[in-house]
Amino acid sequence: MISPLAYWRVSSADQRRILGIITTFGSTTVFGIPIVGAVYGARGVIYASLFNIAYRILLYTYVYIRMSKQQVTLRQMMKILVNPIVVATLLGLGCWLFQPLAPHVIVGQHLVAFYRIDQTAPWLYQPLQYLASLAAPLSWLLVGCALGSRLSPTEILTDRLAWYYGALKSFMVPAVCLGSVEACQLVGIGQVSLTGIAAIALLMCSPTSTIPVVYSVNYHQYPLMTAKCSIVSNITSIMALPVWLVVLNLIRVGG
Amino acid sequence: MDIWRELLRVLADTRVSGIIVSVVLITGLGYVLTAGRVFSDRFEKEISRLVLVAAVPALSFNSFMQPLDIRALRQGMTLIAWTLFSMRFCW
């Protein structure tokens, strides 16, 4: 709904289709989840990861079909299922859901499922926690590296479509999603907690996902345009992040 | 609600300002070190793999190491529905 309205002035239907895809799919894994985790903790990461499962499945199937104009193969489906992030999320989700059915052990004065490694095997949980804490700073460093290696200032600063796209991706899309979630909360449809609302807004504010950019290069679907839009969206997302953090805090304070 | 006072209060929250300043400074550091050729293109690719193969999966898995909460589960299911809705809405 947003993309056809936003890009109505772009004359080529193919270009509008590609812009629609890169407006919808952001780099939720590298940018969104670490930020949600840093601000809202483990509960925020659970919500963001669940949001991300559906998101990634669509990214590897629907986006692939739309950009390559081919059908999804078995290999493509396997790629989704063996992706380390999907595997870790589904494994974690399974562990979380089946706690009441799993054998329990006594830790201190509590009964916990034997695989709750935060309680039963801190020696295993701690290295994972160290790795987890690398996600946010390394992701931010990567965004800077991407800007530093590809930014040709004059070429980027003069591309009006890329800046229009960046503003839309980082400001308009999260604003519309946040507005629609808040409107549904008011009429009592699909009740979501403030942490859930924040996860949606911060994930939607993420810069362009690298997957559609790779597809656009592989299938010759306006690769230069997607590359410029991707670079600009990294800049606009960093500009938008403080705005969204403040807006979400104001919603929390007001609400 | 005095919006400016609330805005200042939010910005004065060290957790919020800490995240904003960290994002800007660490991104800036990545930019300066790459533009100054201290980091190579290979560094970016390898760090990207480290993040996608180890750091984010560890973050995602560890976040589920907490007691089962039915309310959070319901919220999660609602969020999956919201994902599909958001995608359709933006497309």
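Residues numbered from 1 in each chain as written. Chains lettered and ligands numbered in written order. Predicted model: local features only at pLDDT ≥ 70, side-chain atom pairs only at ≥ 80, totals over all residues. Heavy atoms only, no water.

The name given to chain A in an unreviewed UniProt entry is AEC family permease, with Limosilactobacillus pontis DSM 8475 as the source organism. What UniProt states about chain A under its Subcellular location (unreviewed entry) heading is, verbatim, "Membrane". (UniProt positions renumbered as here; feature names shortened; annotations may be inferred.)

### Considerations on the UniProt feature "transmembrane region" (unreviewed entry) in chain A
All names here are of chain A. In this structure's numbering, the residues bearing the UniProt feature "transmembrane region" (unreviewed entry) are residues 18–40, 46–65, 77–99, 130–149, 161–181, 193–217 and 229–251. Annotation note: span residues 18–40, helix share 87%, strand share 0%, distance between end C-alpha atoms 33 Å. Here residues 193–217 runs as 76% helix and 0% strand, with 39 Å between its end C-alpha atoms. (Helix = DSSP H or I, 4+ residues; strand = E, 2+ residues; numbered from the N terminus.)

### Some words on the pattern of salt bridges
Residue and element names in this part refer to chain A. Per the counting criterion, the structure on display carries three salt bridges over all chains. Arg17 is the salt-bridge partner of Asp14, the closest N and O atoms lying 3.1 Å from each other. Of this pair, Asp14 and Arg17 both sit in helix α2 (residues 13–24), three residues apart, roughly one helical turn. For Asp14, a relative accessible area of 32% gives the class partly exposed. When the shortest N-O distance is used, the salt bridge between Asp118 and Arg116 registers 2.9 Å. Pair check on accessibility: Asp118 and Arg116 agree, each one buried. (Salt bridge = Lys/Arg side-chain N within 4 Å of Asp/Glu carboxyl O. Buried < 20%, exposed > 50% of the residue type's maximum accessible area, 1.4 Å probe, protein only.)

### Describing the environment of Leu241(A)
The residue Leu241(A) is located in helix α12 (residues 223–254) in this model. Once the C-alpha coordinates of Leu241(A) and Ser170(A) are considered, the two residues, 71 residues apart in sequence, prove to be 8.3 Å apart.

### Structural notes on the layout of surface pockets
In this model, the largest pocket occupies a volume close to 1,100 Å³. Surrounding the largest pocket, 38 residues form its lining, Val30(A), Thr210(A), Ile211(A), Ser48(B) and Leu52(B) being those nearest its centre. Of all elements in the fold, only α3 (28–68), α5 (84–97), α7 (122–150), α11 (210–218) and α12 of chain A together with α3 (41–63) of chain B reach the threshold of two or more residues within the lining of the largest pocket. Its residues assigned to classes, the lining of the largest pocket comprises 20 nonpolar, eleven polar and seven charged. (1 Å grid on protein atoms, 1.4 Å probe; cavity = no way out; pocket = protein on both sides within 12 Å on 5 of 7 lines; lining within 4 Å. Points joined across faces, edges and corners; volume = space filled by probe spheres on them. Nonpolar A, V, L, I, M, F, W, Y, C, P; charged D, E, K, R; others polar.)

### A short note on the packing of aromatic side chains
Each pair of aromatic rings is reported with the distance of its centres and the angle of its planes. Residue and element names in this part refer to chain A. Within the structure shown, the criterion is met by four aromatic pairs over all chains. On the basis of an interplanar angle of 85 degrees and a centroid distance of 6.0 Å, the ring pair of Tyr7 and Tyr164 is categorised as edge-to-face. Of this pair, Tyr7 sits in the loop between α1 (2–6) and α2 while Tyr164 sits in helix α9 (residues 160–186), and the two are 157 residues apart along the sequence. Its relative accessible area of 1% is what places Tyr7 among the buried residues. Its relative accessible area of 38% is what places Tyr164 among the partly exposed residues. (Phe/Tyr/Trp six-rings, centres within 6.5 Å; stacked < 30°, edge-to-face > 60°.)

### Comments concerning the interface of chain B and chain A
With 66 residues of chain B at the interface, the matching set in chain A holds 88 residues. Contact between chain B and chain A buries roughly 7,100 Å² in total, counting both sides, with carbon and sulfur atoms accounting for 78%. Linking chain B with chain A are zero salt bridges, by the criterion used here. The interface formed by chain B and chain A includes three residue pairs in polar contact (both at pLDDT 80 or more). Where the side of chain B that touches chain A is concerned, the elements lending two or more residues are α1 (3–12), α2 (14–35), α3 and α4 (70–90) of chain B. Element by element, the count of residues in the side of chain B that touches chain A is highest for α3(B), at 19 residues. For the side of chain B that touches chain A, the residue count by class is 43 nonpolar, 14 polar and nine charged. (Contact = heavy atoms within 4.5 Å. Buried area = accessible area lost by both parts, 1.4 Å probe. Polar contact = N/O pair within 3.5 Å; in protein donor to acceptor, adjacent residues only side chain to side chain.)

### Concerning α2(A)
Residue and element names in this part refer to chain A. Taking 1.5 Å of rise per residue, twelve residues should cover 16 Å, and α2 covers 17 Å from first to last C-alpha, within 8% of that figure. Among the twelve residues in α2, nine count as buried, and that is most of the element. By the burial criterion, the buried members of α2 are Gln15, Arg17, Ile18, Leu19, Gly20, Ile21, Ile22, Thr23 and Thr24. Where α2 begins, the side chain of Ser12 points an oxygen toward the backbone nitrogen of Asp14, at a separation of 3.3 Å. (Expected span 1.5 Å × (residues − 1).)

### Regarding the packing of α2(A) against α9(A)
For any two helices packed against each other, the geometry comes down to the angle between their axes and how far apart the axes lie. Residues and elements named next belong to chain A. Look at α2 against α9: their axes get within 10 Å of each other, and the N-to-C directions meet at 40 degrees. What the angle tells us is that α2 and α9 run oblique. Viewed along their axes, α2 and α9 form a crossing whose handedness is right-handed. In this structure, α2 contributes Gln15, Leu19, Ile22 and Thr23 to the contact, and α9 contributes Leu161, Tyr165, Leu168, Lys169 and Val173. Of the residues contributing to the contact of α2 with α9, the split by class is six nonpolar, two polar and one charged. (Axes fitted to C-alpha atoms, helices over the stretch in contact; angles between N-to-C directions. Parallel < 35°, antiparallel > 145°, perpendicular 65-115°, else oblique. Left-handed = near helix turned anticlockwise from the far one by under 90°.)

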